[in-house]
Every structure is written in C-alpha cells, then in structure tokens.
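Chain by chain, the residues run as shown.
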Amino acid sequence: MADNALVVVKQLQAVETVVALDSKTKGFLPLSILKDINPTLLDIPDVGKTKSPNYEQIIELNPDLILLKGNKESADMMQEKTNVPVACVISKDGYDFDLYLIVGKLLGKEKEAAGLVNLFETHKMNIEKIVSSIEESKKKSAYIVVQNSKNNFFKTQKGSLSLELAGLKNVAANANKVDQWGFAELSKEAFIDYNPSLIFLDKPYSESGIHKDDLMADPTFLFSDAVKKQRIFYTHSFALPKDYVYVIAEAYYYANTAYPNIVTEDVYKNAINEIFKAAYGIDNYYETWKKSLL
C-alpha cells in the first residue's frame, strides 16, 4: 500500500513476498522497469486505494505485514480493521535513504539495505565531487517537461534531485505557481526569459503524449536556445517514486549530456552498469539504458 516502497522491496531481494498492491502502485507498473524483470507483479491483486482499501480482500490474502504510505492514524485504522501489523513508510524530502534501512529491518534484509545505501551514497558523492569543479558561471540551465493529461508544455518539476546532483540549474526552482504534488507551471514569458540550455522531456508512453517534435514546433519553444540547437532529450524523471537507482542514474545522464568532457562516457557507463546490477540484478545495462532514452 505504498508506491514509494515497492522498488525498495524489490531491490532488497524480497519482491517475491508481495501478495498485493494498492491501485496507484499497480497503475505505475506498466511504466516501470519492474514490468520487465518481475512481470508476475502485473497479475497480483489490486486491493484499492490507500485511502479506501478493500479490507475484506486484504484479510483474505492473510499478509504478515502491510507497508502503508500514510500517517499514524491511517495505519492504526488499517491495523485495527485487518488485524495485520501496519508500518508507515512516508518519505522525507531530499535523499531519504533511511527508507531502505527501515524497510530492510522490517523484512529482515538489513545487510542488503546497508549495502544499497552505501552504493547510493558513494555514487552521489562521486558525481558531486566531479561536477564541483564547474564554475558557477559556467553551469548550464535545464528545464524538464512532464507528461500530463492536458499536454501542457509549461508544466514542470520545481524540484529535481537529479538535475541538482548533475550540477545543472533547474529554471523552475524559483517558480511560484506550484501544486500540492510539487509540479510547477511557468508562464510562457517566464520560460522565454529563463531560456534553458537544455530541455529534458519525460518519455512518452503513447502517441497522444508529448513528443520532441511537438516541443520543436511550438511557437514559444522556438525562442529557446535549446530548441535552436536541438538540445532536447528524453528522460525517465517519473519512474516509481523514490527509486534512487533512477535519481542517481539520471544525474549521471544529465551531467554527461551537459558536461561530456567532465563526466565522461566511461564514468557514465560504469555508474549505470554498477547501479542497475546491484539494485536490479541486470548485467551490462548501459546499452539498454541508452536505447530507452531514444
């Protein structure tokens, strides 16, 4: 019952213990790497939304533990109605590596959790060290276009751990119009004024989504240096929430794209291969990763 916990459970090598998912988490599955490496997850029961779960179905499944993305009151209510231990797994802002340690302790996977956290911290410090050599005046700016129901080109991420880690300036960082989920909306005038060096577009999963050609044909985007120089790239900014594999992998991708002479392809390749091997058990993932961004 927590979209931020499923990838953690997978990366701690305990995904086979999952007997059900909430509606939101299951809805994300077709867009995630998990559909390819654990396709049986697509077939397990959907037990409803976290705020309106199917208690009878949960009881019938007889789980030993429920991981809930909710507050203490919600957890207490669910535990009372199901008579199953419930643990809250609410993420903190920023790098919430403690989430791995908490879930690891609950599942008896403390060693695996500590190893992953060490890997993430090592790569985080490594890329921070590399990009720290870039002078502030020479840092490039970037803008992320998110896929959305209205195909609004000016809906973006106000906060991006990956852009920040890559040494890029997020042009939406100072946006004032922000919704409850952290998405910002820029005016067309503000976008032209910010004039980002690079544009990253969340990868479309259907023909009706936003594609690169759509941005390059938009009258407002034509004012952008990124469009003039064809510096528009796809990204995976919305894998399953709090998947630090993607947070850190995309930071290397962004940094290599912006500063290829500083974050070289060898550095980028080695990071992708090591992170995906440790977290998802996939060997030599780099070429597949690159193809997924075309």
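Small disclaimer: the values here were computed from a predicted structure and weren't measured.

Definitions and limits used
Residues numbered from 1 in each chain as written. Predicted model: local features only at pLDDT ≥ 70, side-chain atom pairs only at ≥ 80, totals over all residues. Heavy atoms only, no water. Buried < 20%, exposed > 50% of the residue type's maximum accessible area, 1.4 Å probe, protein only. Helix = DSSP H or I, 4+ residues; strand = E, 2+ residues; numbered from the N terminus. Pairing = 2+ DSSP bridges. Contact = heavy atoms within 4.5 Å. Phe/Tyr/Trp six-rings, centres within 6.5 Å; stacked < 30°, edge-to-face > 60°. Core = buried A, V, L, I, M, F, W, Y, C linked by side-chain atoms within 4.5 Å. Salt bridge = Lys/Arg side-chain N within 4 Å of Asp/Glu carboxyl O.

Q: Just checking my understanding: could you explain the pairing of strand 10 (residues 232-235) for this structure?
A: Regular strands show a simple pattern: their side chains alternate between the two faces of the sheet. Alternating positions in strand 10 separate into two faces, Ile 232 and Tyr 234 on one and Phe 233 and Thr 235 on the other, with burial throughout. Bridge count for strand 9 (residues 198-202) against strand 10 is four bridges, and the pairing is parallel. Bridge assignment links Phe 200 to a residue of strand 10, and that residue is Phe 233.

Q: How should I be thinking about the side chain of Thr 220 in this particular structure?
A: Along the polypeptide, Thr 220 turns up in the loop between helix 10 (212-217) and helix 11 (225-228). Owing to a relative accessible area of 9%, Thr 220 belongs among the buried residues under this scheme. Excluding anything up to four places from it in sequence, Thr 220 contacts Phe 154, Lys 188, Phe 191 and Ile 192.

Q: It is not clear to me how the packing of aromatic side chains should be interpreted in this structure. Could you clarify?
A: In this description, a pair of aromatic rings is defined by centroid distance and the angle of the planes. Taken as a whole and assessed by the stated rule, the structure comprises 24 aromatic pairs. Where Phe 97 meets Tyr 244, the ring centres are 4.9 Å apart and the plane angle is 70°; that geometry is what we call edge-to-face. Remark: Tyr 244 occurs in helix 12 (residues 244-258) and Phe 97 occurs in the loop between strand 4 (86-88) and helix 6 (98-107); sequence separation between them is 147 residues. An aromatic cluster of three or more residues is present, and its members are Phe 200, Phe 233, Tyr 253, Tyr 254, Tyr 268 and Tyr 286.

Q: When you look at the nonpolar core in this model, what are you seeing that I'm missing?
A: Membership of the largest hydrophobic core comes to 67 residues, with the highest contact counts inside it found for Leu 168, Phe 200, Phe 276, Tyr 280 and Trp 289. At 12 residues, helix 12 tops the list of elements feeding residues into this core. With residues up to four places along the chain from it excluded, the contact list for Tyr 280 reads Val 7, Lys 10, Gln 11, Ile 33, Leu 34, Ile 37, Asp 243, Val 245 and Ile 275. Core analysis: the second largest hydrophobic core is formed by 18 residues, Phe 153, Phe 221, Val 227 and Tyr 234 among them.

Q: Before we go on, may I ask you to explain the pattern of salt bridges in this structure?
A: Working definition: two side chains of opposite charge can pair if their charged atoms are close together. Applying the stated criterion to the full structure yields nine salt bridges. Residue Lys 139 pairs with Glu 136 through a salt bridge whose shortest N-O separation is 3.4 Å. Judged by its relative accessible area of 26%, Lys 139 is partly exposed. Where salt bridges share partners, they join Asp 3, Lys 24 and Lys 69 into one cluster.

All we've got here are geometric facts, nothing functional implied.
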